[in-house]
Amino acid sequence: MRIDILTVLPKLLESPFDHSILKRAQNKGLVEVNVHDIRDYASDKHKSVDDYVYGGGAGMVLMIEPIANCINKLKSKTEYDEVIYMSPDGELLDQKLSNQYSLSINLLILCGHYKGIDERIREHFITKEISIGDYVLSGGELAAAVFCDSIMRLIPGVISDETSALTDSFQDNLLAPPVYTRPANYEGHEVPPVLLSGHQAEIDKWRQEQAQARTAERRPKLDNLK
Ligand code: SAH
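Note that this is a predicted model, so its numbers are computed, not measured.

Scoring rules and cut-offs
Residues numbered from 1 in each chain as written. Predicted model: local features only at pLDDT ≥ 70, side-chain atom pairs only at ≥ 80, totals over all residues. Heavy atoms only, no water. Helix = DSSP H or I, 4+ residues; strand = E, 2+ residues; numbered from the N terminus. Buried < 20%, exposed > 50% of the residue type's maximum accessible area, 1.4 Å probe, protein only. Contact = heavy atoms within 4.5 Å. Areas by Shrake-Rupley, 256 points an atom, 1.4 Å probe, with all protein chains shown as cover. Lys, Arg positive; Asp, Glu negative; His and termini not counted. Charge placed at Lys NZ, Arg CZ, Asp CG, Glu CD. Near = heavy atom within 4 Å. Polar contact = N/O pair within 3.5 Å; in protein donor to acceptor, adjacent residues only side chain to side chain. Nonpolar A, V, L, I, M, F, W, Y, C, P; charged D, E, K, R; others polar. Expected span 1.5 Å × (residues − 1). Core = buried A, V, L, I, M, F, W, Y, C linked by side-chain atoms within 4.5 Å. Domains from an automatic or database assignment.

Looking only at helices and strands, the chain features six helices and nine strands. A principal-axis box enclosing the C-alpha atoms of the chain has dimensions of 70 × 40 × 35 Å. A burial count over the chain gives 40% of its 226 residues as buried. Here the analysis covers contacts within the chain between residues at least 6 apart in sequence; of these, 76% occur between residues at least 24 apart. If you sum the accessible surface of the chain, you get close to 13500 Å²; carbon and sulfur atoms cover 51% of it. Side-chain charges in the chain split into 25 positive and 34 negative, and the spacing between the mean points of these groups amounts to 2 Å.

Put into structure tokens, the structure is as follows:
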């Protein structure tokens, strides 16, 4: 998979992709992530990327021209499955959407900032808009990092134990069961004995029951998605 991310604040995206699983995915050659600074595509001598909002009002808006220049250049070399804009009014991200996008070959992701981006970008360049939740962030960078993390960890080979992502919450419309590690007894707080029993069938049964109980209690609507 190749992911191109467009931003006016590339530094915000450095750390998330430079550690842990997202770093490993790139080191293994399974995902190539390229971060593009929209400012490099500004045409005036001040390298302007934002301007006042037409009609008046507070906040700056990302201009159409630098973004269009950057998208056009990338599209001349690569065919994208989707040109995504991270946006609070986009489709809400969930595991189903992450599973779907984990199969992509090339993705272009645009991060807005300030008041947002000139609407004409959305009308003429964007093919998909994704929100990570009903709240407003200062910029699309953290949202893009969340989206990329959720899809990259699903690519076969990214997580060493391939089944591990499949046993996470939401994959089967169930929340994950509780997990424990050593010590078996911490100041009187004990690990459920079945997990120490060595009976795999019993352990699997316990985990399934816990997952179902937790889902019924915390996300009863998940079951309806089946
Ligand atoms: N004025 C806009 C919010 C702009 S926030 C509005 O009221 O809808 C600035 C940028 O942060 C947006 O352009 C978008 O790229 C990003 N962003 C903010 N909240 C987001 C969310 N919940 N999901 C995805 N991106 C978000």
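Taken together, 20 residues lie near the ligand, and Y85, M86, G112, G133 and Y135 sit nearest. In this structure, a nitrogen atom belonging to the ligand sits 3.1 Å away from a main-chain N or O atom of I132. Isolated, the ligand exposes 560 Å² of accessible area, and the fraction of that covered by the protein chains is 83%. At the level of elements, β5 (82–92), β7 (128–131) and α5 (140–152) are the ones that each hand at least two residues to the shell around the ligand. At four residues, β5 tops the list of elements feeding residues into the shell around the ligand. Its residues placed into classes, the shell around the ligand shows 10 nonpolar, nine polar and one charged.

Compared with the 20 Å implied by 1.5 Å per residue over 14 residues, the 20 Å span of helix α2 (residues 64–77) between its first and last C-alpha is a close match. Turning to α2, its buried residues number three or more, namely P66, I67, A68, C70, I71 and L74.

Here α5 spans 18 Å end to end across 13 residues, near enough to the 18 Å set by a 1.5 Å rise per residue. Burial runs high along α5: 10 of the 13 residues are buried. Restricting attention to buried positions, one finds in α5 the residues G140, E141, A143, A144, A145, F147, C148, S150, I151 and M152.

Turning to the nonpolar core, a few remarks are in order. Ranked by internal contacts, the top residues of the largest apolar core, which has 26 residues, are I3, I5, F147 and M152. Put simply, the parts of the chain that give this core at least two residues each are β1 (2–7), α1 (20–27), β5, α3 (95–101), β6 (106–111) and α5. A total of seven residues in this core trace back to one element, the largest contributor, which is α5. Ignoring any residue separated from it by four or fewer positions in sequence, one finds F147 in contact with I84, M86, L93, Y101, L107, I109 and I130. Ranked by size, the runner-up nonpolar core spans 20 residues in total, among them Y41, A68, V83 and Y85.

This part is about the domain arrangement of the chain. Reports of interface size often rely on the accessible area that becomes lost once the parts have come together. Domain assignment breaks the chain into domain 1 (2–152) and domain 2 (167–223). Between domain 1 and domain 2, the C-alpha centre-to-centre distance is 37 Å.

Take R219: it is sitting in the segment after α6 (200–218). Here the alpha-carbon distance between R219 and L175, two residues 44 residues apart in the chain, equals 8.0 Å. Here R219 is in contact with L175 and R214, once residues within four sequence places are set aside.

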